[in-house]
Amino acid sequence: RKSIQYLLDHYDEICNGGGDNVRRYLGTVGTSSGLFGISKVMKRLSEEADDIVEYTETMNEVDKSIQQADGSAYMAIFVTTSTSYTPPAKYFGDAKIEVKRCIKAMDELASMIDGL
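What you are looking at is a predicted structure, and each value in this text was computed from that prediction instead of being measured. Position numbers for residues count from 1 along each chain, tracking the sequence in the order it is written. Given that the model is predicted, a residue must reach a pLDDT of at least 70 before its local features are reported, and side-chain atom pairs must reach 80 or more before they are shown or counted; all residues, however, enter totals for whole chains, interfaces and linings. Excluded from the side-chain calculations are hydrogens and water; all other atoms, namely the structure's heavy atoms, are used.

Enquirer: Please clarify how the overall build of the protein should be interpreted in this entry.
Expert: Strands here are runs of E lasting at least two residues and helices are runs of H or I lasting at least four, both read from the DSSP assignment and numbered beginning at the N terminus. Each helix and strand counted, the protein has six helices and zero strands in total. Put simply, the protein runs from its N terminus to its C terminus through helices and strands in the order α-α-α-α-α-α. The globule rule used here is 2.2 Å times the number of residues to the 0.38 power, and the radius of gyration it is set against is calculated over C-alpha atoms. For the protein, the C-alpha radius of gyration of 15 Å lies close to 13 Å, the compact-globule estimate for 116 residues. With respect to the three principal axes, the spread of C-alpha positions in the protein is 50 × 25 × 20 Å. Residue exposure (1.4 Å probe, protein chains only): buried if accessible area is under 20% of the type maximum, exposed if over 50%, otherwise partly exposed. Out of the 116 residues in the protein, the part that is buried amounts to 37%. Any two residues whose heavy atoms approach within 4.5 Å at even a single point are treated as in contact. Of the contacts formed within the protein by residues at least 6 apart in sequence, a portion of 62% connects residues at least 24 apart. Here the accessible surface of atoms and residues is derived via Shrake-Rupley with a 1.4 Å probe, and residues count as covered only by protein chains that are part of the display. Summing over all exposed atoms, the protein offers an accessible surface of approximately 7000 Å²; the carbon and sulfur share of this is 51%. Between the mean site of the 13 positive side-chain charges and the mean site of the 18 negative ones, the protein shows a separation of 6 Å. Only four residue types enter the tally: Lys and Arg on the positive side, Asp and Glu on the negative side, with His and both chain ends excluded. Where a charge lies is defined by one atom per residue type, namely NZ (Lys), CZ (Arg), CG (Asp) and CD (Glu).

Here is the structure:
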């Protein structure tokens, strides 16, 4: 949770490093992010949830938001060399929306296993 909050709090600065830099903080490029391997951790913690269905749906939201943010950050890398007239800022903006969704879903997950 701290890793994704750091990404949101320093988003503009991190975006200045390019799409791969955003992806690095998402844990989809490299292994240094606290989000690297988050899916395995969430699956392991599912054993602690009272409502496994709700937990699984929320866990899937976390995964989805990370993948969506990753895809948008990836697009920001190549848009400047393509024939598209879409500015990278649009893709970075889309990624930021997904980062916020991820934080919300992570908070919901934490409340489901708060007894830990």
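Enquirer: Sorry if this is basic, but what is going on with the side chain of Ser-46 here?
Expert: Considering the arrangement of structural elements, one finds Ser-46 in the loop between α4 (38-45) and α5 (52-78). Looking at Ser-46, the relative accessible area reads 15%, which means it is buried. With near-sequence residues (within four places) excluded, Ser-46 lies in contact with Ile-52 and Tyr-55.

Enquirer: Please explain helix α6 (residues 88-112) as it appears in this structure.
Expert: Residues three or four positions apart in an α-helix share a direction because the helix packs 3.6 residues into each turn. A helix is expected to reach a length of 1.5 Å times the quantity of its residues less one. The terminal C-alpha atoms of α6 lie 36 Å apart, and with 25 residues this matches the ideal 36 Å at 1.5 Å per residue to within 8%. Taken together, the buried positions of α6 are Tyr-91, Phe-92, Ala-95, Glu-98, Val-99, Cys-102, Ile-103, Ala-105, Met-106, Leu-109 and Met-112. Of the surrounding secondary structure, the elements contacted by the buried residues of α6 are α1 (2-9), α2 (11-15), α3 (19-26), α4 and α5.

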